[in-house]
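Chain residues, written in single-letter form:
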Amino acid sequence: MDFLSVIPPIVAVVLAIITRRVLLSLFISIWVGGIIFAGGNPFAAVGQTFTWMKDVMIDPWNARFLVMTALLGTGAAFMFKTGGAQGLIRALGKKINSRKRVQLLPYFLGLIIFFNDYVNSVIVGNASKDITGKKKVSREKLSYIIDSTSAPIATIGPVSDWIGFQVSLIAAAFASASIVGLEPYFSFLQSIPWNFYAILCLLAVPMIILGKDFGPMAKAEKRAQTTGKLIPEGSVPLSSVEDDLGEPFQKEGNVWNFFLPLITLISVSLWGLWYTGGGAEGKSMMDALAATDVSIALTWGAFAMTVTGLILALLQGMSLKACEETLLGGIRTMLPALIIIVLAWSIGTVTSDLGTAEYVVSATQGWMTAALLPFLIFIIGMFISFATGTSWGTMSILTPIAIPLAYTFGGEELIPIIIGAIFAGSIFGDHVSPISDTTVMASIFSGSDHIAHVNTQAPYALIPAGIASVLYLSYSFIGNGYILLIAGIIIQFFLLRYLGNRYEKKQAT
């Protein structure tokens, strides 16, 4: 448990940004972790690297998730092949007739699909990719909108598998610290105003859409508008539906070819979340979500979506051979994502075996005071989730440590603040990390080059993160979370406006 434990994730991020080759960067970082784990033996490190990769693939949850991801790809392939996307464009084309309006489409869809971040990326990406392309919105901008709504809304939305997971972590921490008299779900609700990053991130999207872009995103938008190139020259998207599937079988497809698979995916997934958590046995919705098996529920939903698309294709007259080719094409589209996800999981295992998170926590515990605790927990969460690429993993690590600390330093009043800080930091690192599965999903379903998405999104994510940091530092002076949040929203509005105007003036001179 020393400084060497943080080297593999740093190598992964730095190499990915420098080389723009995510697969190679992830593999090298895992091998570097293997060298550290094997005491400097590079040959033993090779064996350890493939052992880590094997272990994550045979894990039951991970294996089902890989199947689910492939099925989401086949379901989306049938949406495309049956002309569902084209039908949606025709239905919305006359009403959504400006670049700002077309960018607000994925934003509002992202807020509506609040129950799971992966399903959010699939639905929003497929619904808006073509129509935003028509208005020359860069793929980087679309992937930013998708990525900035999927996880943040899932962590504070009315009902989601995220909330069930988070409440279960809070309950376990209360039990281990012998904290009585507090109800976990109520504590979670109290923490929502203190989840500054998620709320500010969600509000930053419309502020930027209705305002002005700046930094790398402004350059990407200018390129798309002036040249029509939706991705940078020489870059390669993680997937290309058009290349993998060819032309739609029905170019004048009906909008129901889009909505029926979508409705099936949502309804079966929601039912699966309730059923696998024991809803049929009389559990409440929140208790069911806390105990649900997300991988099984979403796999059922993705399979039902694919079957619905297959039936619609057969009804349109597609041959069995064409349907089979569509299935294979959908899996082929998701193949880069599947490989990246396996490698990202493997680097997560590397950091776990090397004790990265424990090192970060132990290195900062000595500085903590009641006034600094929310800020430090937020910063630690940011670093761990960025380094490991997982918000859920970061929540699992920090919650049982931070809640007892909060209770010791500040009693019951500090607990909701710390819960908000844990979830906020976990969301930020996962949001901007190039090895995060949600970041990968946003790149895939927007059709963006992955590193281009990471580079353009980072400055936009750092604004709400920076403001959130100041707000956590200010909590000891202003104890009301709502007042701090309102102040943060106002600061963010004027800061984004200033940065947009300044960038525009610099380009004009």
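As the structure is a computational prediction, the values presented were derived from the model and not from experiment.

Before going further, it helps to examine the overall build of the protein chain. Across its full length, the protein chain carries 24 helices and zero strands. Scaling as 2.2 N^0.38, a compact globule of 509 residues should have a C-alpha radius of gyration of about 23 Å, and the protein chain matches this with 22 Å. Classification of the 509 residues of the protein chain by burial places 58% in the buried group. Looking at the protein chain alone, contacts between residues at least 24 apart form 80% of all its contacts between residues at least 6 apart. Total accessible area on the protein chain stands at roughly 19900 Å², and carbon and sulfur atoms take up 68% of it. Side chains of the protein chain give 30 positive and 30 negative charges; the mean places of these two sets differ by 16 Å.

Look at helix α21 (residues 415-432): 26 Å from first C-alpha to last across 18 residues, which is about the 26 Å you get at 1.5 Å a residue. The element α21 is largely enclosed, with a buried count of 18 among its 18 residues.

This next bit is on the nonpolar core. Tyr 144, Phe 196, Tyr 197, Phe 378, Ile 418 and Tyr 472 are the most contacted members of the largest nonpolar core, which totals 73 residues. Phe 196 has contacts with Ala 424, Ala 468, Leu 471, Tyr 472, Gly 481, Leu 484 and Leu 485, leaving out every residue within four places of it along the chain. Core analysis: the next-biggest nonpolar cluster, separate from the first, contains 44 residues, Met 68, Leu 71, Ile 341 and Trp 345 among them.

This part covers the pattern of salt bridges. Inspection of the entire model under this criterion finds seven salt bridges. Here Glu 221 and Arg 99 are joined by a salt bridge, their closest N and O atoms 2.8 Å apart. Taken together, the positions of Glu 221 in helix α12 (residues 215-227) and Arg 99 in helix α6 (residues 99-112) put the pair 122 residues apart, joining distant regions of the chain.

Next up on the list: helix α10 (residues 184-191). Among all positions of α10, only Pro 184, Ser 187, Phe 188 and Ser 191 are buried. Looking down the long axis of α10, one finds its buried residues gathered within 105° of arc, a one-sided arrangement.

Put simply, helix α8 (residues 139-156) and helix α22 (residues 437-446) touch, their axes get as near as 9 Å, and they point 135° apart. Taken together, the axes of α8 and α22 are oblique relative to one another. Classified by chirality, the crossing of α22 by α8 is right-handed. Here Arg 139, Leu 142, Ser 143, Ile 146 and Asp 147 of α8 come into contact with α22, specifically with Thr 438, Thr 439, Ala 442 and Ser 446.

A separate point is a nonpolar patch on the surface. A cluster of nonpolar side chains, Phe 27, Trp 31, Val 46 and Phe 50, forms an exposed patch at the surface whose accessible area comes to about 330 Å². With respect to the element layout, Val 46 can be found in helix α3 (residues 42-58). Since its relative accessible area comes to 36%, Val 46 is described here as partly exposed.

What follows concerns the confidence of the model for the protein chain. Residue-level pLDDT values for the protein chain average 84, and 91% of them are 70 or greater. Model confidence for the protein chain, summarised as mean pLDDT per element, is weakest for helix α13 (residues 241-245) at 60 and strongest for helix α11 (residues 196-209) at 96.

In this section: the environment of Ala 45. Following the sequence through the fold, Ala 45 ends up in helix α3. The exposure class of Ala 45 is buried, given its relative accessible area of 0%. Discounting chain neighbours no more than four positions away, the residues touching Ala 45 are Trp 31, Gly 34, Ile 35 and Ala 38.

Enumeration over the complete set of coordinates arrives at 17 aromatic pairs. Considering the side-chain rings of Phe 196 and Tyr 472, the 4.8 Å spacing of their centres and the 50° angle between planes classify their relative orientation as tilted. Of this pair, Phe 196 sits in helix α11 while Tyr 472 sits in helix α23 (residues 450-474), placing them 276 residues apart in sequence. For Tyr 472, a relative accessible area of 0% corresponds to the buried category. Pairwise contacts between aromatic rings join Trp 194, Phe 196, Phe 378, Tyr 472 and Tyr 475 into one cluster.

Next up on the list: the packing of helix α4 (residues 60-81) against helix α16 (residues 294-316). At a minimum axis distance of 8 Å, the contact between α4 and α16 shows a crossing angle of 25°. As summarised for this structure, α4 and α16 are arranged roughly parallel, according to the angle between their axes. Considering only the axes of α4 and α16, their crossing is left-handed. Contacts between α4 and α16 involve Trp 61, Arg 64, Val 67, Met 68, Leu 71, Leu 72, Thr 74, Gly 75, Ala 76, Phe 78 and Met 79 from the former and Val 294, Ser 295, Ile 296, Leu 298, Thr 299, Ala 302, Phe 303, Met 305, Thr 306, Gly 309, Leu 310 and Ala 313 from the latter. Of the residues that constitute the contact of α4 with α16, the class distribution is 16 nonpolar, six polar and one charged.

The rules behind each value
- Residues numbered from 1 in each chain as written.
- Predicted model: local features only at pLDDT ≥ 70, side-chain atom pairs only at ≥ 80, totals over all residues.
- Heavy atoms only, no water.
- Helix = DSSP H or I, 4+ residues; strand = E, 2+ residues; numbered from the N terminus.
- Rg over C-alpha atoms; globule rule 2.2 N^0.38 Å.
- Buried < 20%, exposed > 50% of the residue type's maximum accessible area, 1.4 Å probe, protein only.
- Contact = heavy atoms within 4.5 Å.
- Areas by Shrake-Rupley, 256 points an atom, 1.4 Å probe, with all protein chains shown as cover.
- Lys, Arg positive; Asp, Glu negative; His and termini not counted.
- Charge placed at Lys NZ, Arg CZ, Asp CG, Glu CD.
- Expected span 1.5 Å × (residues − 1).
- Core = buried A, V, L, I, M, F, W, Y, C linked by side-chain atoms within 4.5 Å.
- Salt bridge = Lys/Arg side-chain N within 4 Å of Asp/Glu carboxyl O.
- Arc of directions from axis to C-beta.
- Axes fitted to C-alpha atoms, helices over the stretch in contact; angles between N-to-C directions.
- Parallel < 35°, antiparallel > 145°, perpendicular 65-115°, else oblique.
- Left-handed = near helix turned anticlockwise from the far one by under 90°.
- Patch = residues over 30% accessible without salt bridge, like charges linked within 9 Å, V, L, I, M, F, W, Y side chains within 5 Å.
- pLDDT = per-residue confidence, 0-100.
- Phe/Tyr/Trp six-rings, centres within 6.5 Å; stacked < 30°, edge-to-face > 60°.
- Nonpolar A, V, L, I, M, F, W, Y, C, P; charged D, E, K, R; others polar.

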